[in-house]
Amino acid sequence: MAEPPGCCHSCAACLLCLYSCRCRWITAKEKKKGLRTTKCDCSWFLFLFCVFIFTLVWLYFAIIILNDFHNFNEFIFKQRKVWLDWSLVLLIATAGMITYLSVLLVLALCLQLCGQPLKLHWMHKSLLMLTALVVAAAFTGLGIKWAEEWRSARISLQATGPFLHIGIVGGMTLLAWPLASFVYRTRNTGLKVFLLLVYCVVMIMLYLVPLGITSPCIMEENQLPPKPALIGHRGAPMLAPENTLMSLHKAVDCDVQVFETDVMVSADGVPFLMHDEQLTRTTNVQAVFPERAALNSTAFNWTDLQQLDAGSWFLERRPFLTVQSLSADDRYQATKQRIPSLKQVLEAAKQSTISIMFDLRPENHSDYQSFVNATLEVILQSGIPQQQVLWLPDGFREQVKQQAPGVQQVYGRKRLQNEEEPLLHVNLPYQDMTSEEIRQYRQDNVSVNLYVVNQPWLFSVLWCSGVSSVTTNACQVLKEMKRPIWLLPSSTYLMIWIVVDCTSFLAILWAFLLLKKCSQRRQPAESETDVLLTKINSLMQE
């Protein structure tokens, strides 16, 4: 067979070495003896392509779940008592697999264009199967332990759908080159028809996909709702130790309107800020009270709690990458943090006019009513305006309404059909509300807060949907956003859709026509070569 244009022996030999562990060019004579691409080789190439797509989808999921990965890190710490930013491990491992599969895929496509057989080495086959199993296990674990992330993926498509469409159309358009090369080389008519039919069906579906793409950010500029208010999740936990006075002050600097926290009550009746049931993650309780470290946070009295360091862990474990960029003064301030009481926090909030929203934990405690009474007493005695306090706990809510009627009641559920008293504030996970529901609540003057929103893409989607506020760990990032990441009028999106589809169609047509012309040029040369080889063979037999 004649050598394809633009493909030299040394390049093909190098490609074969990497893909098949063969270090030399396969000649036409060797191909006739059997060193050619078999059905089994084609099956392995198809498997390679499928695993690549499978892993690419996992990479997309890995990027999406970064918004909630801090929760996963906390979960692992509670189980193993070891802190590690597992998001870095996830991204590095996924990027490594994608890089490996991409190299194999490019090698295979180049070999096909050079007319060389796709003899995948057994080592690559083993690694391919291992990669497929690892990704399948990752998806299975995600579905079992973190099922809500499937809803996060659905929301993400509202932000990425238009751009994913462009990228997939571009990738499938590039695939036209090796497909056309294979079609013009193979003599199997049935296989040709099957591949072309499948490719055409897929491309037609891709061209029409935008008919099903909906995004709240496809709107006119003048229809954009106001920017959602920011609620600091335990303060500003990327800039200071969570649930500390330093975290509250950092949240104020980020223009956060509400400080969201968790309140517990000590053994001697003092409400204090703490999220975890145990003190091990955010204090040095193991060093100060090693024999009591496993006890519930409410088992400690206030005097004991004040002996604990609630800030040094932040510098040692670095729960967020932002810790590395803290100034020397901030690092010093972090080491001086102690567990704050609710009274101290309310006093600081009263001075800065930031509101306080909190949950009272643990809800299943036998003395929960006494916790409610102690908390209400501190609020009423603090002198803070009651409308500056947002009450989340459902337990004994009617009692709270009677004793502190000015406190804003925030509900962790959606509206009911026959609601006796209309809800004015709801606080839900961002996965639990659709864009349509958010718009409806907004029209009915119901304030909707969604948590926890850290990534700009997610904040942009919720902004376009019209959400009232979001709870975030990344107030310093979302504060700087002046508008959503992207906003497209429907007419502009329609134009982009048409241009992309037309460009893709013309590129595919050009690829098939060009390779057909190259194939026709090679046919006479191949015929002359076959005649010459036949004559040589006849002479040798004589």
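On a predicted model such as this, the values are computed, not experimentally measured, just so you know. What you see as residue numbers is a count from 1 along each chain, following the sequence as written. In keeping with the predicted nature of the model, local features appear solely for residues at pLDDT of at least 70, side-chain atom pairs appear and are counted solely at 80 or more, and the whole-chain, interface and lining totals rest on all residues. Hydrogens are left out, water is left out, and the side-chain values use all remaining heavy atoms of the structure.

Before going further, it helps to spend a moment on helix α15 (residues 342–352). Along α15, the residues classified as buried are L342, V345, L346, A348 and A349. Angularly, the buried residues of α15 cover 165° about the axis, an arc narrow enough to put them on a single face. Every exposed residue of α15 that faces more than 90 degrees away from the buried side is listed here: K343 and Q351. In what follows, a contact means two residues having at least one pair of non-hydrogen atoms within 4.5 Å. We count a stretch as a helix when DSSP gives it H or I for four or more residues in a row; a strand needs E for two or more, and each element gets its number in order from the N terminus. Along its buried surface, α15 packs onto α10 (245–253), β2 (258–265), β3 (271–273), β4 (355–360) and α16 (368–382). Each residue is placed in one exposure class: buried if its accessible area under a 1.4 Å probe, protein chains only, is under 20% of its type's maximum, exposed if it is over 50%, and partly exposed if it falls in between. Directions pointing from the helix axis toward each C-beta atom define the arc.

Between its first and last C-alpha, helix α5 (residues 86–113) extends 41 Å over 28 residues, near the 40 Å set by a 1.5 Å rise per residue. All of the buried residues along α5 are S87, L90, T94, M97, I98, L101, L104, L105, L107, A108, L111 and Q112. Looking one or two residues beyond α5, the residue adopting positive phi is G115, at roughly 75°. Helix span is expected to be 1.5 Å times the residue number reduced by one.

This brings us to unusual backbone geometry. In this structure, P362 follows R361 across a cis peptide bond, with omega equal to -10°. Of the consecutive residues Y451 and V452, the connecting peptide bond is found in the cis state with omega at -20°. When you line up the elements, V452 lands in the loop between β8 (447–451) and α19 (456–465). For R234, which is not a glycine, the phi torsion comes out positive at approximately 60°. Assignment of secondary structure puts R234 in the loop between β1 (229–233) and α10.

What follows is about the confidence of the model for the protein. The quantity called pLDDT is the predictor's confidence in a given residue, expressed from 0 to 100. Looking at the protein, the pLDDT average stands at 90 and 91% of residues meet or exceed 70. Within the model, pLDDT remains below 50 along residues 1–6, and this stretch shows 16 contacts once partners closer than five positions in the same chain are excluded. Segment residues 25–34: pLDDT under 50, and 26 contacts once partners within four positions in sequence are set aside and those in other chains are kept.

We now examine empty space enclosed by the protein. A 1.4 Å probe that fits but cannot get out identifies a cavity on a 1 Å grid over protein atoms alone, an open set with protein on both sides within 12 Å along at least five of seven lines counts as a pocket, and a residue lines either if it has an atom within 4 Å of a point. Grid points are joined across faces, edges and corners, and a volume is the space filled by probe spheres set on the points. Inspection of every chain in the model, using the stated rule, returns three cavities of 30 Å³ or more. Estimates place the volume of the largest cavity at around 60 Å³. For the lining of the largest cavity, the class distribution of residues is five nonpolar, five polar and two charged. Every residue lining the second largest cavity is listed: R154, I155, Q158, M433, T434, S435, I438, V461, L462 and S465. When residue character is reported, Ala, Val, Leu, Ile, Met, Phe, Trp, Tyr, Cys and Pro are called nonpolar, Asp, Glu, Lys and Arg charged, and the others, Gly included, polar.

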